[in-house]
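Here is how the chains run, residue by residue.
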Amino acid sequence: MRNAFTVRAVLKQLPVRVESAAAYGDRLLLGTANGALLVYQVAEPAGDKLPTLQLVDTKKSFARRAIEYLGVVKEAGVLVCLADYLVTLYDLHTLSNATPLNNTKGAHIVATHTAVDQVDGIPTLVSKVAVYGKRRIVVLEWRNAEFYKTFEFTSPEKIIAMQFAASGLLTLSTAREFLTLQIPLGQWDDLFPADTSSLRTLAGGGFGAAAHAAGSVMYGRSDEGAHGPGNRGNNQDPSFSSSYSGQDQQAATQQPPLANNSTNAAATTAAASGSMWGSWTLGLAGSSTEAKTTIARMPGEKLLLCHKDIGVFINSAGKLCRQEYAEPMSFMRAPSGITYTSSYAVAISSDTGSSAQHPSTSNSASPETSRFNVEVRNIATQALVQSLFLSEEQPLHVFNGSGGKQVWAIGLHTVWRLIPMPIEQQVEDVLAAGQYDEALSLVSQSDNILESEKEELTVKIRWLRARWLFREQAKYEDALAEFTDLGATPTEVIALCPERVAGDLAEDISDIEADHGGDADGDQDGGRLAGSKTESSDSTEPPAGDDSSKQSGHPKPARKRAKPKQ
């Protein structure tokens, strides 16, 4: 394992009990058990230093009872507040002008989503808020920051988790299975059962017709799977269920909450800058130790559907991502909350006691038996990267801000910030450990490396991996395939062979044989991979005297018995 984050408590021993939180811009909002709203300004220092929080406002009577959920729809200028099982909308800029939504009485789950959709062929910024309560789902929609309409749907079973997969597709979970709901059609589709054995089978490639037929088909729906928003008119059975007929005609209650023309410019700016998800929010009231099903948003418009300690990925059309993730995401303990950065899934668990090593599909070292309540995994490789223990108190929820660049954890009286280590240092650490696939995944996923540098760094790491496969692992076919793909010259490959084969072309590695093959190369090339911004590693020129490497442009060790013959 390695250090991907350092964690610090930025607020300690708060005199009030925190029940919910939301972050947007340089603001952190905390909802409390007595109905007060605390507004903090977050100052982000340069580098990896600890941010500072300053209390700038306190709304003592923001709600009559505990604030169970806070959500921000920045593009529409709306703050969503769930208190006393009722959703109320506020003006985000003034935190006033309360608009209670009486059709959401009994609410206890809220989800938000913002994206650019094609509406009548015109790119439109669409924001949605979904509220579940009393077997009913209410969806509010804004277009270009103007309130559009409200949709209502009936749920056939109790919903325990809910998240948007796309603007027109809700992903939900009951106690027995995962479902999708198409908006505004009101069409429900089964995904798969919500149990660990099914999730392991699905992610392992066993999701075929037989596996799907074995799933529970509770509502008499067709077996054609979930349909994405772009296909919702193709495979729909008009008579699929009388209980959902006419849902798309339930257009709605024209109850325009906080339609504010002044937010149009801000919404358009946010769309242009790529801030499509608005903000990241949480409600702590539902984070009980018995919660075993989690639906978490991941990068690239994906969702992680997790039951107990096993999770699988689906895309924005509700389809399993089996090609990208051949195995399920296997946590050491059942998460009570999950969020993400560009490279990592960060999960918190309510169990902090010692536990035996969990079976993992990752090739990274697993931690020894220890106490921890935060687990960090690489999203691409699913390798366990780090486990952390927040000692002040038990974290109740974790969420991110600024498009995944900030990670916050919240307890009843404590707020933590997870500060990422520099990506350059992380890449060097995994190269030093000979974890080349991990290094490649970090480079490809990171949003802190310029796109112009990613290709060059990727080539260098692949070159080091090919040398390691050839010299240390004796996987010659795999190594030669990699060398071929990289365009290596025959001289460069022959130089890796023993002297009795390569002759004068053989590399002199007698002084580095004790080290890992990748480490030896990394000392010269890989050790500067991540530091390409500050050192001359952006040059791929080989050492002087190696003309054959000049032809291919690949990094080469300097130690040679003789100059290659041309």
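So, here's what we can say about the structure. (Residues numbered from 1 in each chain as written. Predicted model: local features only at pLDDT ≥ 70, side-chain atom pairs only at ≥ 80, totals over all residues. Heavy atoms only, no water.)

### Considerations on the packing of helix 6 (residues 451-471) against helix 7 (residues 476-486)
Contact pair helix 6 / helix 7: the axes reach a minimum separation of 8 Å and the direction vectors enclose 150 degrees. Accordingly, the angle class assigned to the pair helix 6 and helix 7 is roughly antiparallel. The element helix 6 and its partner helix 7 pack so that their crossing is left-handed. Contact residues: helix 6 offers V459, R462, W463, R465, A466, R467, L469 and F470, while helix 7 offers Y476, D478, A479, L480, E482, F483, D485 and L486. Taken together, the residues of the contact of helix 6 with helix 7 sort by class into 10 nonpolar, no polar and six charged. (Axes fitted to C-alpha atoms, helices over the stretch in contact; angles between N-to-C directions. Helix = DSSP H or I, 4+ residues; strand = E, 2+ residues; numbered from the N terminus. Parallel < 35°, antiparallel > 145°, perpendicular 65-115°, else oblique. Left-handed = near helix turned anticlockwise from the far one by under 90°. Contact = heavy atoms within 4.5 Å. Nonpolar A, V, L, I, M, F, W, Y, C, P; charged D, E, K, R; others polar.)

### Quick word on the packing of aromatic side chains
Summed over all chains, the structure comprises eight aromatic pairs. Geometrically, the ring pair formed by W142 and F147 is edge-to-face, given 5.8 Å between the ring centres and 75 degrees between the ring planes. Residue classification places W142 among the buried positions, given a relative accessible area of 1%. Here F147 falls in the buried class, since its relative accessible area comes to 11%. Seen in terms of ring centroids, F470 and Y476 are 5.0 Å apart; in terms of plane orientation they differ by 75 degrees. Their pairing is edge-to-face. Judged by its relative accessible area of 9%, F470 is buried. We classify Y476 as partly exposed; its relative accessible area is 43%. The positively charged end of R333 is found above the aromatic ring belonging to F372, 3.8 Å away from the centroid. (Phe/Tyr/Trp six-rings, centres within 6.5 Å; stacked < 30°, edge-to-face > 60°. Buried < 20%, exposed > 50% of the residue type's maximum accessible area, 1.4 Å probe, protein only. Lys NZ or Arg CZ within 6 Å of the ring centre and 35° of its normal.)

### Describing the nonpolar core
One finds L418 and F483 to be the most contacted residues of the largest nonpolar core, which totals 45 residues. Looking at this core element by element, the count peaks at eight residues for helix 6. Residues within four places of L418 in sequence aside, it is in contact with F5, T6, V7, V346, V374, L388, V407 and A409. (Core = buried A, V, L, I, M, F, W, Y, C linked by side-chain atoms within 4.5 Å.)

### A few points about the sheet that holds strand 12 (residues 136-143)
Read from one edge of the open sheet, four strands run 10-11-12-13, paired in antiparallel fashion. In the strand order of this sheet, the two ends are held by strand 10 (107-119) and strand 13 (146-154), each with one partner. Taken pair by pair, the neighbouring strands of this sheet meet at an average axis angle of 20 degrees, ignoring direction. Two elements, strand 12 and strand 13, share eight bridges in a ladder whose sense is antiparallel. Along strand 13, the bridge assignment pairs W142 with F147. (Pairing = 2+ DSSP bridges.)

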